[in-house]
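# Working through the structure, step by step
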Amino acid sequence: MLNIIWPVFIVISIIYAIISGNIENINSSIFESAENVVTFSLTLIGMTCLWNGIMEIASNTQIITYISKILKPIIKKVFPNMDENNRAYKSIIMNLIANILGLGNAATPLGLKAMEELQRENKEKNKLSDNMMMLIVLNTASLQIIPTTVLTIRNSLGSKNPTLIIFPVWIATISAAVVGILVTKILIKINK
Amino acid sequence: MQIINYISIVAMPMIILLIIINALKEKTQVFNIFLKGATDGIEIVLKIFPTLLGLFVAIGMLRSSGIIDFIIKIISPVTNFFKMPSEILPLALLRPISGSASMAIATDIIKNYGVDTFIGILASVIMGSTETTLYTIAVYTGSVKIKNTRGILIAGLAADITGIIVALIICRILII
């Protein structure tokens, strides 16, 4: 996928910039991006290590067992062949909880941990497994109860009713997740 | 708003507290276990760093080249037909590929058109209900070095488009 998208982005950007006389902007953006990615990754190292550590503690206690009992019906429906003994099961549960609570910074490290464990049991190492596809699509759907970041922005810009958006966000995000899951189910069947 | 603010603030500390108290109750060696997990974290970030670098540079070029404005000019007749306000288009286009860029644009839109106007609310709902699809897919597949993604991008984009359309419809119904 990125083998196509990545070169296309670069080639059309440079060609368009040359045509529209915008080429200096490309230069500065290259330096800027290479710098930004380091700052971003350093922040990410902190968050990832922290949440991996917390997750390791959680998976050594009974807490995940309780939560997974509650989420079991949903997990069974969405993940085609997933049982509680699966190593990735705990990480997937924690990832979903972090998403639902709007803790984006925590959700990514937990999701990556789940990917690592799913890869261990994956039969074709170069290809996404069915469960991996579902995990990814759930993470692109932004399932959250409270859209914290947007609420903060609305509040800081002086909204009279910052929380007005919560109900519309629920409807939109659930619709998006349902469509995402359905399309993934189809993809799983078509692209074996 | 205050209650919701409070819930968002206490969510993360509460989870940590709950996990640690449970661990103490079960008499586990909490800090040793924490260190074991945290050590694995470094490797995960190192693995996705090249993916991040590639994405940041390509998306940075895309934004600075000005081609996004050009694409908006081309597709605006179609979106106008569906009564999608053209002010929202840059946000809708950038949302799947860049989290920081779309956040900057959303803030800009909300500032310019007013936080409680139709456009301001629509931009907020779109930001709250969609995710940076391309980044998520790249990082998740990159972390385990998988190349065959079985068309998962289609599912992610379908979810984004649905989120944006439903946001538009529900804002039209709720706000007149």
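Conventions adopted
Per-chain numbering applies: the sequence of each chain, read as written, is numbered from 1 onward. Just so you know, chain letters begin at A and ligand numbers begin at 1, following the order they were written in. Whole-chain, interface and lining totals are the exception, using all residues; otherwise, since this is a predicted model, local features are given only for residues with pLDDT of at least 70 and side-chain atom pairs are given and counted only at 80 or more. To get the side-chain values, take all heavy atoms of the structure and skip hydrogens and water. Contacts: residue pairs with any heavy atoms within 4.5 Å of one another. Note on definitions: buried area is the accessible-area loss of two parts on being combined, 1.4 Å probe, summed for both. For this analysis, a salt bridge means a side-chain nitrogen from Lys or Arg found within 4 Å of a carboxyl oxygen belonging to Asp or Glu. Pairing of N or O atoms within 3.5 Å defines a polar contact, subject to two protein rules: one partner must be a possible hydrogen donor and the other a possible acceptor, and residues neighboring in sequence count only if both atoms are side-chain atoms. Here a helix means four or more residues in a row that DSSP labels H or I, a strand means two or more in a row labelled E, and each is numbered from the N terminus. The nonpolar class holds Ala, Val, Leu, Ile, Met, Phe, Trp, Tyr, Cys and Pro. Asp, Glu, Lys and Arg form the charged class, and all remaining residues, Gly among them, are polar. Throughout, exposure labels follow a simple rule: accessible area from a 1.4 Å probe, protein chains only, divided by the maximum for the residue type, with under 20% read as buried, over 50% as exposed, and the rest as partly exposed. Between 30 and 60 degrees the pair is tilted, below 30 it is stacked and above 60 it is edge-to-face, where a pair is any two Phe, Tyr or Trp rings, Trp via its six-membered ring, whose centres lie within 6.5 Å.

We now examine the interface of chain A and chain B. Of the residues lining the interface, 105 residues belong to chain A; the matching set on chain B comes to 93 residues. Both sides of the chain A and chain B interface together cover about 8400 Å² of buried area, and 77% of this is carbon and sulfur. For the interface between chain A and chain B, the tally reads five salt bridges. Remark: the boundary between chain A and chain B carries 22 residue pairs in polar contact (both at pLDDT 80 or more). Breaking the side of chain A that touches chain B down by element, the ones donating at least two residues are helix H1 (2-19), helix H2 (23-59), helix H4 (87-100), helix H5 (104-121), helix H6 (130-140), helix H7 (148-156) and helix H8 (166-190) of chain A. For the side of chain A that touches chain B, the element with the highest residue contribution is H2(A), accounting for 23 residues. For the side of chain A that touches chain B, the class distribution of residues is 58 nonpolar, 38 polar and nine charged.

Where the residue is not glycine, phi is negative for most of them; where a peptide bond is considered, it is trans in most cases. All names here are of chain B. Phi at Lys 83 is positive, roughly 60 degrees, even though this residue is not glycine. The class for Lys 83 is exposed, based on a relative accessible area of 58%. The backbone of Arg 150 sits at a positive phi, close to 50 degrees, despite the residue not being glycine. Here Arg 150 lies in the loop between helix H7 (133-143) and helix H8 (152-174). Accessibility expressed as a relative area gives 7% for Arg 150, which makes it buried.

The next subject is the packing of aromatic side chains. Aromatic ring pairs are reported here in terms of the distance separating the ring centres and the angle at which the planes meet. Taken as a whole, this structure holds five aromatic pairs over all chains when the rule is applied. Each ring, one from Tyr16(A) and one from Phe70(B), has its centre 5.3 Å from the other, and the planes form 40 degrees; the classification is tilted. Taken together, the residues span two chains, with Tyr16(A) in helix H1 and Phe70(B) in helix H3 (residues 67-81). For Phe70(B), a relative accessible area of 39% translates into the label partly exposed. Here Phe31(B) and Phe34(B) contribute two aromatic rings whose centre-to-centre distance is 6.0 Å and whose plane-to-plane angle is 25 degrees, an arrangement assigned as stacked. Of the two residues, Phe31(B) and Phe34(B) are both situated in helix H2 (residues 30-64); the distance of three residues between them amounts to about one turn of the helix. By the ring-pair criterion, three or more aromatic residues cluster together here, those being Phe40(A), Phe56(B) and Tyr135(B).

Now for the environment of Asn36(A). Residue and element names in this part refer to chain A. With respect to the element layout, Asn 36 can be found in helix H2. With relative accessibility at 40%, the residue Asn 36 sits in the partly exposed group. For the pair Asn 36 and Val 178, spaced 142 residues apart in sequence, the C-alpha separation works out to 34 Å.

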